[in-house]
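Overview (structure and organization)
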Amino acid sequence: AKCHLKIDTGLNRSGISWREYSTSFEDIVKIHNMKGLLIQGTYTHLACGEGQLDWEIAQTKLQTYRYNQACEAIEHAGLPLGIRHCCSTGGALVNPEYRLDMVRLGMMPMGMSFSDESVIELGLKPALTWVSFVAQIKNVAAGEPVSYGCTFYADKPMKIGIVTCGYADGYRRAYSNKSHVLV
């Protein structure tokens, strides 16, 4: 199987955790030596790649430092790095110095970006229609919150429908309480 090795440098989602040189290097070596795997790339995912606040810039610098440290250790051991990448759409736009060998433009080809400003600046147009279904219908009491961040409170008892689409699918939190669905 052709694959890319993910190094977790601070997003704390998936991948081999890298915090300075540690026992995680042993796991990297084991993966490289697994029969049936061909490592064609080594990457990380930046938690704040598009961020421009001081703490976000510091987090991105920390993650890229860790990533480069891991890559140096892999190369020093004589293992292939393959294609190196760490930028998603936002990171590639805001931090071109981190583009490396390739970038992952997950939402951009669909006409979306990390901010409304960048959508306008780049002249992006939505290139998709989401089709989903109502997975559950439930009653919500007056005063109960709905959604991450409790951005909506029921002003009266109401029936709501849960649609199988969310943030992981590219639906941005900024759309909360501003979007409509056709059922």
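Heads up: these notes are all about the structure in this document.

Analysis parameters
Residues numbered from 1 in each chain as written. Predicted model: local features only at pLDDT ≥ 70, side-chain atom pairs only at ≥ 80, totals over all residues. Heavy atoms only, no water. Pairing = 2+ DSSP bridges. Helix = DSSP H or I, 4+ residues; strand = E, 2+ residues; numbered from the N terminus. Phe/Tyr/Trp six-rings, centres within 6.5 Å; stacked < 30°, edge-to-face > 60°. Buried < 20%, exposed > 50% of the residue type's maximum accessible area, 1.4 Å probe, protein only. 1 Å grid on protein atoms, 1.4 Å probe; cavity = no way out; pocket = protein on both sides within 12 Å on 5 of 7 lines; lining within 4 Å. Points joined across faces, edges and corners; volume = space filled by probe spheres on them. Nonpolar A, V, L, I, M, F, W, Y, C, P; charged D, E, K, R; others polar.

The pairing of strand β1 (residues 2–8) with strand β3 (residues 38–43) spans five bridges and is parallel. Residue pairing in the sheet places His 4 in a bridge with Gly 41 of β3.

The next subject is the sheet that holds β3. The strand order across the open sheet built from four strands is β2-β1-β3-β4, with neighbouring strands paired in parallel fashion. Each edge of the open sheet carries a strand with a single partner, namely β2 (16–17) and β4 (83–85). As paired strands, β1 and β2 are joined by two bridges and run parallel to one another. The residue bridging Ile 7 from the neighbouring strand is Ile 16, located in β2.

Another point: the packing of aromatic side chains. On inspection of all chains with the given rule, the structure shows one aromatic pair. Summarising the aromatic geometry, the rings of Trp 18 and Phe 25 are spaced 6.5 Å apart at their centres and angled 80° between planes, so their arrangement reads as edge-to-face. Pair check on accessibility: Trp 18 and Phe 25 agree, each one buried.

Here the largest pocket is characterised by a volume of approximately 1400 Å³. In terms of lining residues, the largest pocket is bounded by 38 residues, among which Val 163, Cys 165, Tyr 171, Ser 179 and Val 181 are the most central. Every element with two or more residues in the lining of the largest pocket is listed here: α4 (116–122) and β8 (158–163). Counting residues per element, the lining of the largest pocket draws most heavily on β8, at six residues. Taken together, the residues that form the lining of the largest pocket break down as 23 nonpolar, eleven polar and four charged. In this structure, the second largest pocket occupies an estimated 720 Å³ of space.

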